[in-house]
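Notes for the structure review
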Amino acid sequence: MTALSALIRRDIRIALRVGGGALIGVLFFLTVTVLMPFAVGPDLALLSRLGPAILWLGALLASLLTLDRLFTADHEDGSLDLIVMSRTPLELACAAKALAHWLAAGLPLIVATPALGLLLNLDGTATVAVALTLLAGTPALTFTGMIGAALAVTLHRGGLLLAVLVLPLSIPVLIFGVAASQAAITGPMSFGTPFSILCALSLVSFVVGPFAAAASLRHGLD
Amino acid sequence: MRLSGKDLRCVRGGREVFAGLGFAASSGEALAITGPNGSGKTSLLRVIAGLLVPSDGSIALDGGEAELTVAEQAHYLGHRDALKPALSVLENLSFWRDFLGGEADDAGRCLTLVGLDHATHLPAAYLSAGQRRRLSIARLLVARRPVWLLDEPTSALDTKGQDLFVGLMRDHLANGGIVIAATHTPLGIDVREMRMGAAP
C-alpha cells in the first residue's frame, strides 16, 4: 500500500506543479464552456437545454487532452521500466496512476461545473445533476482512456491515436451522462436509470482498464 | 546466491541480437559485459531485468527469495534516469524508496553517500548530467536489491564520482551482492569480463 500511495502522491504532485498539466484540462474546459454561449447566441432556453451536453463534451475533451501523458512521460524518462520491474503488480500501479490522474485532472472539472453552469443558464437542480453525473462518469473516461494511453506509449505522437482509440469507448459514457442530466432537468425518464448505467460503466472500466493497460504495457516494452 | 542465464536468444525488430548466450555470476562477483556498439549489451541487461522477453532460454536466481522474480530482486540503472524534473532531489529519491519497498534506507543518508546532500531541495530539472547520474545511483542504495544491472554506469560521472561509485560497488559485492555491468571503460573493481560478439 505504501508503494501505491507513494505513486499516487507523486503523480498528483507532478500534475499540480508548474507545467504539470492538471490545470490545462480545467482551462480548456473553461474555454469551451465560455465560448459556447457566444456561438449559440443569446437564446437562454436553448442554452439551458444544451447546457448538460456542452458541459459533458467539454469534460470529455478536457480529460482526453491530458490523458496522453499518463504513461508517455514515465516511458520517456525510464520510470516505466522501474515500475514494471517493481514488486507492485503492474495492474495495481496502472490503477493508481489512473486514480491520481482523475484526482488531479478530473476532480477539478467537477468542482468547476457549478460556476460554469451559471454561464449556461442552468438552475440549481440541473447543475447538481450534471456535477453528479460527471462525478460518476469521469472516472470511466479516465480508466478507459488509460487503455489508449498504454497502447500509445511506444509511439511518438500517440496523441491522435489516443483520440481515435478512446473516443468510441467513451461514447456510452457520454450518452448516459447526458441522458441522466437531461432526465433530472426535463424528464420524462427517471434520473435513476441512466445514472445507474453510468455508474455501472465506471465500475466495469475500473476492472477492465487496469488489466488491459498493464497487458499492453508489458507487450509494448522494448 | 547465483544468477545465471542459459541459451538466451534475443530478437529485436526482426534481427537476431544474440543467440545461445549463457552467463553466470555468484554472490560477491561482478560481471562486465563488453563489446562494440550494437552487440546487444543493453538488450542482455534488459532481458535479465525482465523488460525484454527472450525468444528462447531462461534466467534463474538461485538462493534468492523464492516468491520473487529476478526482476523484482534487481536494480536497473539504464541510460534514462527515471527522474522527474518537477520534483526535488529528495522527493525523487523518497518516491523510489517508498515505491520499490523492501529493505529501505534513509533517503537523506543515501544522498550524502553520493555527494548530493547540498542539493536536497533543488528541483531535479536544475541538476547537471553528472548529478542526475549520482541521484540515480542513490536509488540503488535506498532500496536494497541483491542484483545490480548497470548500463554504462559511470558515463557522465567525474573522476571523484567514479571513485565514489567504485566504493559503493565494492560495498555491495562485499555484502554478497551481484553486479552485472555493460561498459566500455574499466569499472575499477575486480570483474570477470564477458565479451559479446561484433555487430553483424
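For the structure itself, consult the block above.
Residues numbered from 1 in each chain as written. Chains lettered and ligands numbered in written order. Predicted model: local features only at pLDDT ≥ 70, side-chain atom pairs only at ≥ 80, totals over all residues.

Observations regarding the overall build of chain B
Scanning chain B for helices and strands turns up five helices and eight strands. Along the chain direction, N to C, the helices and strands of chain B fall in the order β-β-β-α-β-β-α-α-α-β-α-β-β. Since a compact globule built from 200 residues should have a radius of gyration of about 16 Å, the 17 Å found for chain B is in line with a globular shape. With the C-alpha coordinates of chain B rotated into their principal frame, the extents come out at 50 × 35 × 30 Å. For chain B, with 200 residues in total, the buried portion stands at 43%. Within chain B, residue pairs in contact and separated by at least 24 positions form 73% of the contacts whose partners lie at least 6 positions apart. (Helix = DSSP H or I, 4+ residues; strand = E, 2+ residues; numbered from the N terminus. Rg over C-alpha atoms; globule rule 2.2 N^0.38 Å. Buried ≥ 20, exposed ≤ 12 C-beta atoms within 10 Å, placed from the backbone. Contact = placed C-beta atoms within 7 Å.)

So, the sheet that holds strand β7 (residues 178–182) of chain B
All names here are of chain B. Across the sheet, which stays open at both edges, the five strands sit in the order β5-β6-β7-β3-β8 with parallel pairing between neighbours. Because the sheet does not close on itself, it has two edges, and the strands there are β5 (74–77) and β8 (192–195). Pairs of neighbouring strands in the sheet enclose a mean axial angle of 15°, with direction left out of account. Inspection of the sheet shows β5 paired to strand β6 (residues 147–151) by four bridges, in the parallel sense. In the sheet register, A74 faces β6, and the bridge partner there is V147. Docked against the sheet, helix α5 (residues 159–174) engages β3 (30–34), β6 and β7, running at close to 140° with respect to β7. (Pairing = 2+ DSSP bridges. Axes fitted to C-alpha atoms, helices over the stretch in contact; angles between N-to-C directions.)

Some points on helix α4 (residues 129–142) of chain B
Residues and elements named next belong to chain B. Under the 1.5 Å per step criterion, the end-to-end length of α4 is 20 Å for 14 residues, consistent within 8% with the ideal 20 Å. Among the 14 residues in α4, 12 count as buried, and that is most of the element. Of the surrounding secondary structure, the elements contacted by the buried residues of α4 are β5, α2 (89–100), α3 (107–113), β6 and α5. (Expected span 1.5 Å × (residues − 1).)

Some thoughts on the interface of chain A and chain B
If you look at the interface, chain A gives 21 residues, while chain B gives 23 residues. Every element with two or more residues in the side of chain A that touches chain B is listed here: α1 (2–16) and α5 (79–85) of chain A. Per-element tally for the side of chain A that touches chain B: the top contributor is α1(A), with seven residues. A class-by-class count of the residues in the side of chain A that touches chain B yields eight nonpolar, six polar and seven charged. (Nonpolar A, V, L, I, M, F, W, Y, C, P; charged D, E, K, R; others polar.)

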